[in-house]
Amino acid sequence: MKKVVLLFCCLMVFARAFSQNQPVSGKITSGTDQQPLPGAAITVKGTTIGVSSQADGSFKINIPAQKSTLVITSMGFLSKEVEVTAGQKDLVIFLSENITQLNDVVVVGYSSKKQSELTSAVTVVSADKLKDVTANNVGTMLQGKVAGLQVVNSSGAPGSQPEIRLRGVSSVNANQSPLYVVDGIIGGNYDPNDVESVTVLKDAASTALYGSQANAGVIIVTTKSAKAGKTRFEAKITSGFRTADFGKMNLMNSNELYDYQKEFYRDYIVGATDNSYKIDLIKFYSERPLELRNQDYDWAKESFKAAPMYNVYVAASGKTEKNDYYVGASYYNEKGTFMNTNYQRINLRANSTYHFSKKLDITNNINLSASTGRSYDYMDMYYSFLNMPWDNPYDAAGNPVYVDGTSTFKWWSRDKINPIHTIKNSDHTYKGFDVNYDFMLNYRITNWLTFTSTNRVSAAFNKGVNYVSPLAAGTYHDDGYIDELNTLNYGGISNNLLKFNFEAGDHALSGLAGIIFEGGRTEYSGGSGRGLPIGLKVLNVASNTQLVNGYNLSTELRSFLSQVNYTYKGRYILSGSFRVDGSSAFPESKQYGSFPSVSGAWIISNEEFLKSNDVVNNLKLRASYGVTGTQDIGATRYLGLFSLTTQYNSLTGAVPYQLANPLLTWEAKHQTNVGFDLSLFRRVNLTVDAYRNNTKDLLLQVSQPLSVGFETRWENVGNVINKGIEVGLNTINITNKNFEWVTDFNINFNNNKIYGLPADIVKTGSWSISQIYRNGGNLYEFYMPKWLGVDAQTGAPVWEKLVYNDAGEAVASEKTSNYSEATIQEVGSALPKFQGGFNNSFRYKSFGLRINTYFNYGNKVFSNNLRFMMNDGHEPYYNQIKLPDDAKVWSGPGDTEATEPSPQNSANSTETSTRYLRNGSYFTIRNIAFNYTLPSAFAKKLNFESITVGLTADNVATFSNFLGQDPQTTITPGSFATPGVSDFKYPNNRQYLFTVNFNF
């Protein structure tokens, strides 16, 4: 019996020992893109047994029983419990992103804070949510992903950058693009592949530390750095093609145009009594031979073709006790869908942080980039849409035909231009080189006081050349033309700060103080000339009309800044900052501007009555007020200037050019923001913000009395107020071992008004399309007659005429067919009433799917294309757009269904009016990305840690009532651009790509 008992005890001990040595192995990855998660903590529930995942996400752990529960945690992700069996291998455990991210560190201002400590309106977008879109810029990737951030892709030209506005437009003349900060320093260059995260700072509490440069918001780009573990390598190869998206601008083919032009031959003479209103087919066939139906050349199809796109990225990173390093290189190649356009960019980035001691760290960053490409001439785009299908641009040998007004053969298109021949005999090239070097020093003086110095020197050179061969038709035929512009930019910035951070019981105090120096210089030089030998494209062969131009521009900014943050019991947070900027753009007495901010937060969820609540995980109220400013109108607007570009008696002559204003000062935006953050069930995260931004002392050109001798002078007059509400909602709808569904939704409502102007200002843009600036009105408010359709009896166009009483009030309206009598009215703004995004991510086992959408509502777009392509016979030798299904050309008296005027009675029908002003609202499926992570066993056989393949489609579909090209239209005023005016732009592109991502 003793032997039996002893044997039983030995078996029990052996079994226990055997169970303790049973290993379980597998891999930890992120649920969104199946990338490995190094450093994740894996512990056995109820024990102290634990390990960390390796650089490739792999782990191996011994469990103490046949069945145990593993608890997996990783910063930025929700913890997960998984039941495992002894001996189980090749586990793949997905972690879901922690949408509350209360402990994640966020880069704000010149410091970093935990998400829970923020008192301002800030949105963080991780690389996982950016890289579903492949582009040469981060702005395009952000569309629809940040509440309050309007991203407009107004051009599909290779290398083009989107237009970005944060919380509306708050200035008339100053630059409204957000300030970019790369790795803590204003400005800088980078490649989207190198981006770790993007932080968008929206209110003054977060932007005031950047002072005068943050008037339009701040976008902070944080690039990749080394992760813990061994050296890691990544390679990503992307390839695919693009096609032009013409929206609803469908052109007529040969037969459609032929039949449409019959309307030009209707027997109708205005005022005659014997009109039959029938089509004179005999005259029509004599002037439009029937064989024209057999000539059907699709100009748009020939000018725009599917174009390839490539992107290659390789990177290496590593971390040791003394040194952290990251090196990334990329090559981006995008051929344009329009003829002879392209863009190429190569980028090299390297950063290294050396830990000299526990007190001293030194970081060196360098970014080198070079780009080259070919642009296009607007008129070539213009003719590629408007030339008629009855013309063939090629001869029998397949060569582009030379066409001009003296050509003996029949050329139907109005302007006797063959754009394909012009493009073949012209070139619009550009190239550039950019280098940025950052030096950062971090010295911990004590355990609560640190000195940091971040410095950058940068230089960039860009060269653009426009060349037209003497062989090309048009203005420069037999002469040729060349125009060259060289731009050199160089400068530097130095931030030197003392930072403190200490705690005493329930109190925590942190902050910073320091000084910043920034300066730069831009040097322009170039020339132009005519009279070129065929085949030569350099300035020195120009034999006549030679011009030389060039100028230099220097800027300097000195700043003092400080910030203090106070926290009590982890519940009540108060923060204040103060910055002073001194700018050389203003008179000496007005050079310094002060930009304060104050903000506070109450973390209600940390109160005792909510601390252990299982439903409310986070509830925080926030409020802030602050001031930012702008100086961005040029460096010499306050000076009295003379122009030296004229000559007198063969000597340089000086002519008064600008009236001085010694009182000119800063344009300042006063910002108020209140909001709250709410997290429920660790699955729902809601952020709501309400704001009011009042930009005062606008920098405007104000009309002067005739006695002054100048028409205008730069003054501080008027203000712009933007009021709005932002909502951001993130939810984890479903999450389990095999399936996950996450939703992101955001929306922004914005109202824009102008006040304090001395008088109404009517600004006229291209083609006399005017916008009015008046007190109580909107920015970019279109100002034109209202179109009322067609007179059913005469077929004439009809506009609205308002009738006023003696007090100047409109008391009635009537119709008029006399355009000069039509009343010019405010008819809608180019700015939307609301916009946002709705995005969903799905994961099933190793498969991932992400769908991004974007919507924009309430803005007006003037489709200037329609002025030419719905022209009622005013230009019978331009191709026309296919009319909508409900459109009808007037055919005779009593035609009440007619929407288009009679070609015989259409005087002024194409003049500026709401006929071509369309609703710019749209909803677009912005991106669909599908990926699959190959089994780890297969990847390891090929000596890789992981391999992910993916398919993406960009600009999949746009739903809109807009008639014309893509309704995304410029919102930036310029010499040849009016906000909200669509005018034969380079079409946006649909993009289809295949990507392979290797990690090893």
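Placed above this text is the structure.
Along each chain, the written sequence defines residue order, and numbers are assigned to residues from 1. The predicted origin of the model limits local features to residues at a pLDDT of at least 70 and limits the giving and counting of side-chain atom pairs to 80 or more, whereas totals for whole chains, interfaces and linings rest on all residues. Excluding hydrogens and water, the side-chain figures rest on all heavy atoms present in the structure.

Participant: Tell me about the environment of Lys89, and please be specific about residues and values.
Facilitator: By definition, any uninterrupted DSSP run of H or I lasting at least four residues is a helix, any uninterrupted run of E lasting at least two residues is a strand, and each is numbered from the N terminus. For Lys89, the location among the structural elements is in the loop between strand S6 (80-85) and strand S7 (91-95). With a 1.4 Å probe rolled over the protein chains alone, any residue whose accessible area is under 20% of its type maximum counts as buried; one over 50% counts as exposed, and the rest are partly exposed. Judged by relative accessible area, which is 64%, Lys89 ranks as exposed. Sequence-wise, Lys89 and Lys424 are 335 residues apart; in three dimensions their C-alpha atoms are separated by 63 Å.

Participant: How would you explain the pattern of salt bridges if you had to name every residue and give the values?
Facilitator: Salt bridges are defined as contacts in which a side-chain nitrogen from Lys or Arg sits within 4 Å of a carboxyl oxygen from Asp or Glu. One pass over the structure, following the stated rule, counts 40 salt bridges. A salt bridge links Lys262 to Asp259; the nearest nitrogen and oxygen atoms lie 3.6 Å apart. When its relative accessible area of 18% is taken as the criterion, Lys262 is described as buried. Measuring nitrogen to oxygen at the nearest pair gives 3.2 Å for the salt bridge that ties Arg713 to Glu715. For Arg713, a relative accessible area of 23% gives the class partly exposed. Three or more residues joined by partner-sharing salt bridges are found here, namely Lys129, Asp132, Lys145, Asp744 and Arg850.

Participant: I'd love a proper account of the packing of aromatic side chains, names of residues and values included.
Facilitator: Two rings belonging to Phe, Tyr or Trp (six-membered ring only in the last case) form a pair when the distance between their centres is within 6.5 Å. Interplanar angles under 30 degrees mark stacking, angles over 60 mark edge-to-face geometry, and anything in between is tilted. Evaluated as defined, the whole model comprises 55 aromatic pairs. Judged by centre distance (6.0 Å) and plane angle (90°), the ring pair of Phe246 and Phe385 falls under edge-to-face. Taken as a pair, Phe246 in the loop between strand S17 (232-244) and helix H4 (254-260) and Phe385 in helix H7 (residues 378-386) lie far apart in primary sequence, 139 residues in all. Residue Phe246 is classed as partly exposed on the basis of its relative accessible area of 22%. Residue classification places Phe385 among the buried residues on the basis of a relative accessible area of 1%. Taken together, a centroid distance of 5.2 Å and an interplanar angle of 80° make the contact between Tyr382 and Tyr383 edge-to-face. For the pair Tyr382 and Tyr383, one class covers both residues: buried. Each member of the aromatic cluster is reached from another via a ring pair, and the members are Phe246, Phe304, Phe338, Tyr376, Tyr378, Tyr382, Tyr383, Phe385, Phe868, Tyr878, Phe984 and Tyr986.

Participant: I'd love a proper account of empty space enclosed by the protein, names of residues and values included.
Facilitator: Using only the protein atoms, space was sampled on a 1 Å grid; points where a 1.4 Å probe fits but cannot get out form cavities, open sets with protein on both sides within 12 Å along at least five of seven lines form pockets, and lining residues are those with an atom within 4 Å of a point. Grid points are joined across faces, edges and corners, and a volume is the space filled by probe spheres set on the points. Enumeration over the complete set of coordinates arrives at 8 cavities of 30 Å³ or more. Roughly 250 Å³ of internal volume is contained in the largest cavity. Around the largest cavity sit 23 residues that line it, and Thr140, Asn153, Arg242, Asn955 and Asn989 are the ones nearest its centre. Of all the secondary-structure elements, those providing two or more residues to the lining of the largest cavity are strand S19 (323-335), strand S50 (946-959) and strand S52 (989-999). Amino acids outside the nonpolar list (Ala, Val, Leu, Ile, Met, Phe, Trp, Tyr, Cys, Pro) and the charged list (Asp, Glu, Lys, Arg) are all regarded as polar, and Gly is one of them. Across the lining of the largest cavity, the residue classes tally to 5 nonpolar, 14 polar and 4 charged.

Participant: Before we move on, could you go through the sheet that holds strand S47 (residues 860-863) and cite the residues and values that matter?
Facilitator: Each pair of strands is called paired provided DSSP finds at least two bridges between the two strands. Spatial ordering of the open sheet is given by S48-S47-S51, a layout of 3 strands whose pairing is mixed. In this open sheet, the two edge strands, each paired with only one partner strand, are strand S48 (917-919) and strand S51 (981-982). Examined bridge by bridge, S47 and S48 share 3 bridges and lie antiparallel to one another. Residue Val861 lies in a different strand from S48, and its bridge partner there is Arg918.

Participant: Outline unusual backbone geometry, supporting the account with residue identities and numerical values.
Facilitator: Its identity as a non-glycine residue notwithstanding, Asn340 has a phi of 60°, on the positive side. Tracing the sequence through the fold places Asn340 in the loop between S19 and strand S20 (342-355). A residue is classified by how much of its surface remains accessible, and Asn340, at 30% relative accessible area, is partly exposed. Of note, the phi angle at Lys845 is positive, near 50°, even though the residue is not glycine.

Participant: Give me the lowdown on the pairing of strand S1 (residues 22-30), citing residues and values where you can.
Facilitator: With 8 of 9 residues buried, S1 lies mostly within the body of the structure. One ladder, built from 6 bridges, connects S1 with strand S4 (residues 58-63); its direction is antiparallel. The partner of Gln22 across the bridge, within S4, is Ile63. Judged from the 5 bridges that link them, S1 and S7 form a sheet pairing that is parallel. Residue pairing across strands places Gly26 opposite Leu91, the latter belonging to S7.

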